[in-house]
Amino acid sequence: MRHFVRTALAVAGVALFVTATGGCAGGGGGTAPATSRAPSPANSPSAPGPSATPPAAGRITIKDYAFKPAALVVRPGAAVTVVNQDSVTHDVTATGGRAFATGSIKPGATATFTAPAKPGGYPYFCSIHPYMKAALTVRP
Ligand SMILES: [Cu+2]
């Protein structure tokens, strides 16, 4: 168990480092701005500054039968860490395809998957509790 925690912290540290170095313009509380449905996110001339580049690593926390954040934006091929903080097993499974899947993540455990190389929107869910839904957005 301690091993998992240390691994998770190490990965989180990397993610935080990347965020701090790459996208310091916004300075927000880490809320992904992916809820608005831009029809063509690429080459948007109105996109302000360096915060337009998503991080090369992401982190999803599962707690109280919910994925947080509900919308995560990462770069193609980003390493996404999933931490299950619930007392039941969950998983992360891409909806309607095989873009990614973690398999079962036991309570307190951590899993990692690689974000798809192709930019786009990738909704996912927990195959054990299908009402648990969230979305991953891949953007260069
Ligand atoms: Cu679940």
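The text that follows walks through the structure, step by step, so that each part is easy to find.

Basis of the calculations
Residue numbering note: each chain is counted from 1, following its sequence as written. Given that this is a predicted model, residues contribute local features only at a pLDDT of at least 70 and side-chain atom pairs are listed and counted only at 80 or more, while totals for whole chains, interfaces and linings are drawn from all residues. In computing side-chain values, all of the structure's heavy atoms are included and hydrogens and water are not. By this definition, two strands are paired if DSSP reports at least two bridges between them. Secondary structure elements are taken from DSSP: a helix is a run of H or I of four residues or more, a strand is a run of E of two residues or more, and numbering for both begins at the N terminus. The term nonpolar core refers to a set of buried residues drawn from Ala, Val, Leu, Ile, Met, Phe, Trp, Tyr and Cys, joined through side-chain atoms within 4.5 Å. Relative accessible area decides the class of each residue, using a 1.4 Å probe on protein chains only: under 20% of the type maximum gives buried, over 50% gives exposed, and in between gives partly exposed. Any two residues having at least one pair of non-hydrogen atoms within 4.5 Å are treated as being in contact. Only N, O and S atoms count as donors, using a 2.8 Å limit from the metal and a wider 3.2 Å limit for Na, K and Ca, and since water is excluded some coordination spheres may look unfilled.

1. Quick look at the sheet that holds strand β5 (residues 93–94)
Alright, step 1. If you walk across this open sheet you meet the four strands as β3-β8-β7-β5, and the pairing is mixed. Because the sheet does not close on itself, it has two edges, and the strands there are β3 (71–74) and β5.
Alright, step 2. Across two bridges, the pairing between β5 and strand β7 (residues 120–125) is antiparallel. Directly across from Thr 93, in β7, lies its bridge partner Phe 125.

2. Structural notes on the nonpolar core
Alright, step 1. Ranked by size, the top nonpolar core spans 23 residues in total, and within it Ile 60, Phe 67, Phe 100, Phe 113, Tyr 124 and Leu 136 carry the most contacts.
Alright, step 2. If you list the elements that add at least two residues to this core, you get β1 (57–63), β3, β4 (79–84), β6 (110–114), β7 and β8 (133–138).
Alright, step 3. In terms of residue count, the dominant contributor to this core is β8 (three residues).
Alright, step 4. For Leu 136, the residues in contact, after removing those within four places along its chain, are Leu 72, Val 74, Phe 100, Phe 113, Ala 115, Pro 116, Gly 120, Gly 121, Tyr 122 and Tyr 124.

3. Here we look at the coordination of the copper ion
Alright, step 1. The protein atoms that coordinate the copper ion are His 90 (ND1), Cys 126 (SG) and His 129 (ND1), at distances of 1.9 to 2.2 Å.
Alright, step 2. Each donor residue of the copper ion belongs to the same chain, with the gaps between them written as H-x35-C-x2-H. Here His 90, found in the loop between β4 and β5, pairs with His 129, found in the loop between β7 and β8; they are 39 residues apart in sequence, far enough to count as distant.
Alright, step 3. Assessed through its relative accessible area of 0%, His 90 is described here as buried.
Alright, step 4. With a relative accessible area of 13%, His 129 lands in the buried category.

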